[in-house]
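Notes for the structure review
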Amino acid sequence: MDKLIITAALAGAEVTRDDNPNLPITPQELADAAYDCYRAGASIVHLHARNEDQSSTQSADVYGEIIDLIKAKCNLVVQVSTGGAVGMSAEERLQPVYLKPEMATLSTGSVNFGDDVFMNPPAYIEEFARIMQEQGVKPEIEAFDVGMINNALQLVKKGFLKEPLHFDFVMGVPGGIPGTLKNLLHMAESVPTGSTWTVAGVGRTELPLGTAAIIMGGHVRVGFEDNIYYTKGVLAESNAQLVERIARVAEIHSRPVASPDEAREILKLVEVN
Ligand code: KMH
Ligand code: ZN
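Rules used in this analysis
- Residues numbered from 1 in each chain as written.
- Chains lettered and ligands numbered in written order.
- Predicted model: local features only at pLDDT ≥ 70, side-chain atom pairs only at ≥ 80, totals over all residues.
- Heavy atoms only, no water.
- Donors = N, O, S within 2.8 Å, 3.2 Å for Na, K, Ca; no water.
- Buried < 20%, exposed > 50% of the residue type's maximum accessible area, 1.4 Å probe, protein only.
- Helix = DSSP H or I, 4+ residues; strand = E, 2+ residues; numbered from the N terminus.
- Contact = heavy atoms within 4.5 Å.
- Near = heavy atom within 4 Å.
- Polar contact = N/O pair within 3.5 Å; in protein donor to acceptor, adjacent residues only side chain to side chain.
- Nonpolar A, V, L, I, M, F, W, Y, C, P; charged D, E, K, R; others polar.
- Phe/Tyr/Trp six-rings, centres within 6.5 Å; stacked < 30°, edge-to-face > 60°.

**What to know about the coordination of the zinc ion (ligand 2)**
Bound to the zinc ion (ligand 2) on the protein side are His-46 (NE2), His-48 (NE2) and Glu-225 (OE), at distances that span 2.1 Å. Each donor residue of the zinc ion (ligand 2) lies on the same chain, and together they follow the pattern H-x1-H-x176-E. For the pair His-46 and His-48, a shared accessibility class is recorded, and that class is buried.

Below you can see the structure in the form of structure tokens.
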């Protein structure tokens with residue numbers, strides 16, 4: 001079994017300081033949070049940028065500032081979001097990919113997202129995958145439901161994605177696949193042999209699905225993007241607190257945590273970049 005890759009999803013696009021006052025917003029706050037997560041055991045940081053008023057932005061300038069601040073302090077693998085926020089155009093969403101980060105997310109299907117719809121029609125997906133290939137960026141395939149795994153396999157057939165694939169099972173989004181253990185098993189059994197996968201359990205599913213992934217040989221994403229609570233009704237103090245807890249669960253199960261360079265090896269990033 002590979003060492004455990006912990007991804008810290010620091011902020012996302014939807015959570016605000018009204019939900020959790022400890023949410024990092026500015027480039028400096030995001031970079032400081034990333035460093036604290038690195039110290040707690042994270043090897044990848046999943047980034048969404050924000051304007052000062054907390055609204056989401058896909059501006060390459062803002063992403064660039066955050067990435068420079070992170071790189072000045074540690075060697076975390078940087079993964080930018082191309083999901084951005086619901087309602088953004090494809091062009092807007094793609095901006096940070098041109099910074100040539102090591103990784104970027106690629107959602108391979110549309111999904112109801114609470115009261116909204118997160119739109120990823122086939123033409124978007126192919127274009128996003130093509131540009132990531134052109135820029136030498138490894139996609140993390142965001143699968144909000146099991147059909148999205150199959151969509152990724154179609155992209156392999158068309159030459160837009162190269163194996164080995166790396167998936168993130170985003171589970172528990174209202175509108176997506178529910179975050180049950182049975183569903184996690186089904187998702188994990190649905191990816192091609194040789195793929196790697198991580199799980200992002202939304203809300204209260206973060207800890208149980210993460211624990212299951214540790215036992216199953218998958219990887220884990222935690223952070224305020226997916227879950228703002230430490231325990232029921234108690235807000236998390238920081239992203240690092242959530243990283244530290246999942247690293248402790250890994251230790252209990254004798255699964256060592258990967259360093260950023262070990263994560264690069266496991267995900268074959270060295271060959272992509
Ligand atoms: N904010 C969601 C609509 C990603 O980062 O690629 C999409 C999202 C996925 O967060
Ligand atoms: Zn995201």
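Having put the structure on the table, let's press on.
**Side note on unusual backbone geometry**
In this structure, Pro-164 follows Glu-163 across a cis peptide bond, with omega equal to 5°. For Pro-164, the location among the structural elements is in the loop between helix 5 (147-157) and strand 10 (166-171). The phi torsion at Lys-100 lies on the positive side, around 55°, for a residue other than glycine. One non-glycine residue, Lys-268, lies in positive phi territory at about 55°. Assignment of secondary structure puts Lys-268 in the loop between helix 9 (260-266) and helix 10 (269-272). Judged by its relative accessible area of 36%, Lys-268 is partly exposed.

**Digging into helix 7 (residues 206-216)**
Owing to its 3.6 residues per turn, the α-helix aligns residues three or four sequence positions apart on the same side. Buried within helix 7 we find Glu-206, Leu-209, Gly-210, Thr-211, Ala-212, Ala-213 and Ile-214. Where helix 7 is buried, its residues meet strand 10, helix 6 (181-190), strand 11 (196-201), strand 12 (219-222) and helix 8 (239-252). Phi turns positive one or two residues past the end of helix 7, at Gly-217, with a value near 95°.

**Description of the site of ligand 1**
Neighbouring ligand 1 are the residues Ala-13, Glu-14, His-46, His-48, Ser-81, Gly-83, Gly-84, Val-86, Thr-105, Phe-113, Phe-118 and Glu-225. At 2.8 Å from a nitrogen atom of ligand 1 is found a side-chain nitrogen or oxygen belonging to Glu-14. Thr-105 is positioned with one of its side-chain polar atoms (N or O) 2.6 Å from an oxygen atom of ligand 1. When grouped by side-chain class, the residues that make up the shell around ligand 1 number four nonpolar, six polar and two charged.

**Re the packing of aromatic side chains**
This structure, assessed with the given rule, holds seven aromatic pairs. Ring centres of Phe-118 and Phe-144 lie 5.7 Å apart, and the angle between their planes is 70°; this geometry places the pair in the edge-to-face category. Residue Phe-118 is located in strand 8 (residues 116-118), and its partner Phe-144 is located in the loop between strand 9 (138-143) and helix 5; the two are separated by 26 residues in the primary sequence. Of the residues examined, Phe-144 reaches a relative accessible area of 7% and is grouped as buried. Residues Phe-167 and Phe-169 carry aromatic rings whose centres are separated by 6.4 Å and whose planes lie at 35° to one another, so their mutual orientation is tilted. Looking at Phe-169, the relative accessible area reads 0%, which means it is buried. A connected cluster of aromatic rings, assembled from ring pairs, spans Phe-113, Phe-118 and Phe-144.

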